[in-house]
Amino acid sequence: MAVGGGKRKRGKILWSKLYSFSCVQPSTLESDDGDGGHSLEGPGFSRVVYCNQSHMHRRAPLWYPNNCISTTKYNAVTFLPKATFEQFRRVANLYFLLAAALSLTPVAPFSAVSMIAPLVFVVGLSMAKEALEDWRRFMQDLKVNSRKVSVHKSKGQFVTKTWEKLRVGDVVKVEKDQFFPADLLLLSSSYEDGICYVETMNLDGETNLKVKRALEVTLPLDGDAAFVDFTAMIRCEDPNPSLYTFVGNLDYQDKVFPIDPSQVLLRDSKLRNTEFVYGVVIFTGPDTKVMQNAMKSPSKRSTIEKQMDYIIYFMFNILVFISLVSSIGFAAKTKFSMPKWWYMRPQHTTNLYDPNRAVLSGVFHLVTALILYGYLIPISLYVSIEVVKVLQATFIDQDIQMYDEETGVTAEARTSNLNEELGQVVTILSDKTGTLTCNQMEFIKCSIAGVSYGVSSTDVEIAAAKHMAADRRRRKNSSKGDKDSQDSFEEQDSQAAEIELECITISRPDTAKKPSIKGFAFEDGRLMNQSWLKEPEAETHLMFFRILAVCHAAIPVENSETGNFNYEAESPDEAALLVAAREFGFEFCRRTQSSVFVREQYPTPGQPVE
């Protein structure tokens, strides 16, 4: 069946002319013929990029930073002062620093070593933990900066370079499932109309694919050899953190073309469902939009640590109170009893025991008492907490239940300062369910002509049945002895039991395993194997299946192993509906500028008709 056109004309497929793709065309498309562009006058639009001439950006005034990024908290110069400052933000460490300083005076009851050594040990241990975690961040940055990408060198030859060596103006080739190394202007793609799919999950959390479209004037740049003599100039906005806006002009072939966000590929987004794209680097390293949105690694303090500060304040007040009482008693004893102790020679004593200066002696004793009773504040508590946090982070990294088998990614604790905050989330405010799920869609049920088809139970139904069963048991235990309520509960129990039994009996045979066909978990003999032809309203069923196979913006890709078609769609919803249509006997196989072609197992099963 061909929908939307009767003739099969050969020619390039301009996906952007389809209604489904027209939404990604720039609003200034009327200027695509080179008659004009955006007005870039005024501050904030001073950036100039010479395409395929990166050497122009290695010296002033067009010098731009390289593509190396850093998310570390410290460096070799700032580590000692910054880490020391972070440690003495803790009240206990500040107290012991004061006590260590006072231990150098004659009024100290202990040697200076006994006060300084524990403080150095505790602070050194915490700083070592900070250094270890920052080293891990440095190694992650090194791994990212060492990723490879193909860069145009000269005469149409592309060579492999690391991300950190990219410069503004370089022409790069990014292949399927690779991350974009910098903010790029899309020049062309493997599709003839310059369409490409982009996953921006690392930027905004969205798993649905975004469609990007190159300017028509750059579509001929679809191969390595096309860049031999390619030169152009881009004038655009200065670096800023706005992910959804971009204003610029492309000066190419003596004409000016407007650029908007639909032509910009942002760093840390990934190329999907497209074999390759060519792009020119606009922003690098700290100038990219993702890094403009990134904050410096903050000094994170957990709730428990903040609470410990209040406890230390309270204990310090108790310590001061005990020391005051002790010093007042010492001053009184020195003034009134010291003169009677002739063997202490009070006339020739120091200020520490001078009965004529009892107040001064009391002040000196206050300092002594603060040091003497200082062990009321447990410095070892911080040591224990730091050790526990490091061990917790190690256990998180090695937790097999937090390992994703599909991607091969393990959990990684980049910092252990907030370990105790995990698992304490009470309320989640979310704008949609996709934020909390894997965004994997399966075709399980459908309704045609008012009749529900599909005998499998969804995970929601199974969970609801289990919840009702647990609630029923709870109400039974709480309602013993009350006959009226018992009768009412028995009636509700019978209804709940029926629902639960229905969900259990019609649930998928093996819910622990994924369906053999990805995205398709439908079970109902009334529709499968062309049985829908026996239904009362077969024409309605036919229209339903055709709509599934036609109303979408997906692209078919033939699977050489199975002979079937896989579908590259913006969202898993579209892909699941197309897989369902294929399994029902309506396989979307190709499309042209004005037609959609479907292979139908109708009216004769086993003999598909296009």
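Calculation criteria
- Residues numbered from 1 in each chain as written.
- Predicted model: local features only at pLDDT ≥ 70, side-chain atom pairs only at ≥ 80, totals over all residues.
- Heavy atoms only, no water.
- Buried < 20%, exposed > 50% of the residue type's maximum accessible area, 1.4 Å probe, protein only.
- Helix = DSSP H or I, 4+ residues; strand = E, 2+ residues; numbered from the N terminus.
- Pairing = 2+ DSSP bridges.
- 1 Å grid on protein atoms, 1.4 Å probe; cavity = no way out; pocket = protein on both sides within 12 Å on 5 of 7 lines; lining within 4 Å.
- Points joined across faces, edges and corners; volume = space filled by probe spheres on them.
- Nonpolar A, V, L, I, M, F, W, Y, C, P; charged D, E, K, R; others polar.
- UniProt positions renumbered as here; feature names shortened; annotations may be inferred.
- Contact = heavy atoms within 4.5 Å.
- Axes fitted to C-alpha atoms, helices over the stretch in contact; angles between N-to-C directions.
- Core = buried A, V, L, I, M, F, W, Y, C linked by side-chain atoms within 4.5 Å.
- Parallel < 35°, antiparallel > 145°, perpendicular 65-115°, else oblique.
- Left-handed = near helix turned anticlockwise from the far one by under 90°.
- Expected span 1.5 Å × (residues − 1).
- Arc of directions from axis to C-beta.

Visitor: Run through the pairing of strand β6 (residues 183–189), naming residues and quoting values.
Guide: Summarising burial for β6: seven of the seven residues are buried, a large majority. When β6 meets strand β14 (residues 276–283), the two strands line up antiparallel, connected through six bridges. Opposite L184, over in β14, you have V281 as the bridge partner. Pairing of β6 with strand β12 (residues 264–265), which is carried by two bridges, proceeds in the antiparallel orientation. Across the sheet, the residue bridging to L184 is L265, located in β12.

Visitor: Lay out empty space enclosed by the protein with the relevant residues and their values.
Guide: Throughout the structure, instances matching the rule amount to two cavities of 30 Å³ or more. By volume, the largest cavity is sized at about 130 Å³. In this structure, the largest cavity is lined by eleven residues; those nearest its centre are E86, R90, E130, K300 and E305. The residue makeup of the lining of the largest cavity, split by class, is no nonpolar, three polar and eight charged. Computed from the structure, the second largest cavity encloses a volume of approximately 50 Å³.

Visitor: Let's hear about the UniProt feature "binding site: ATP" (unreviewed entry) in the chain: which residues, and what values?
Guide: Per the UniProt annotation, the sites labelled "binding site: ATP" (unreviewed entry) are D431, K432, T433 and E574. Checked against the element boundaries, E574 lands in helix α12 (residues 572–583). Ignoring any residue separated from it by four or fewer positions in sequence, one finds E574 in contact with H552, A553, A554 and A569.

Visitor: For the sheet that holds strand β13 (residues 270–272), give the residues involved together with the corresponding values.
Guide: The three strands lie next to each other as β8-β7-β13, forming an open sheet whose pairing is antiparallel. Edge positions in the open sheet fall to β8 (209–213) and β13, since each of these has one partner strand only. Shown here is a sheet whose adjacent strand axes are inclined to one another by a mean of 45 degrees, direction ignored. Alignment of strand β7 (residues 195–199) against β8, held across five bridges, turns out to be antiparallel. Its bridge partner being in β8, C196 is matched across the sheet by K212.

Visitor: Account for the side chain of S126, with residues named and values stated.
Guide: Secondary-structure assignment places S126 in helix α3 (residues 112–145). Other than its neighbours up to four places away in sequence, S126 contacts Q87, R90 and E386.

Visitor: Can you break down the UniProt feature "transmembrane region" (unreviewed entry) in the chain residue by residue, with the values?
Guide: According to UniProt, the positions carrying the feature "transmembrane region" (unreviewed entry) are residues 115–132, 310–332 and 362–383. A distance of 34 Å separates the end C-alpha atoms of residues 362–383, which is 68% helix and 0% strand.

Visitor: How would you summarise the nonpolar core if you had to cite specific residues and measurements?
Guide: Among the nonpolar cores identified, the biggest contains 53 residues, and F230, I234 and L250 are the most heavily contacted of them. Here L250 is in contact with L185, L215, V217, T218, A232, M233, I234, K255, V256, F257 and I259, once residues within four sequence places are set aside. With 29 residues, the next largest nonpolar core counts Y453, F520, A580 and V596 among its residues.

Visitor: With reference to specific residues and values, describe the packing of helix α11 (residues 538–550) against α12.
Guide: The geometry of α11 relative to α12 is characterised by a closest axis approach of 8 Å and an angle of 135 degrees between their N-to-C directions. Taken together, the axis directions place α11 and α12 in an arrangement best described as oblique. The element α11 and its partner α12 pack so that their crossing is left-handed. Counting all contacts with α11, which are made through F545, L548 and A549, the residues of α12 involved are L577, L578 and A581. A class-by-class count of the residues in the contact of α11 with α12 yields six nonpolar, no polar and no charged.

Visitor: Could you give an account of helix α8 (residues 380–397), naming the residues involved and the relevant values?
Guide: Think of an α-helix as turning once every 3.6 residues; residues three or four places apart then point the same way. For α8, which comprises 18 residues, the first-to-last C-alpha distance of 26 Å matches the rise-based estimate of 26 Å (1.5 Å per residue) to within 8%. Where α8 is concerned, the buried positions are Y382, V383, E386, K389, A393 and I396. Viewed end-on, α8 has its buried residues packed into an arc of 160 degrees, placing them on one side of the element. In this structure, the buried side of α8 is in contact with α2 (91–102), α3 and α6 (303–336).

Visitor: I'd like a rundown of the sheet that holds strand β5 (residues 171–175), residues and numbers included.
Guide: Read across the sheet, six strands follow the order β4-β3-β5-β14-β6-β12 without closing on themselves; strand pairing throughout is antiparallel. Each end of this open sheet is capped by a strand with a single partner; those strands are β4 (157–162) and β12. Strand direction decides the pairing type here: strand β3 (residues 148–154) and β4, joined by six bridges, are antiparallel. Bridging across to β4, S154 finds its partner in Q157.

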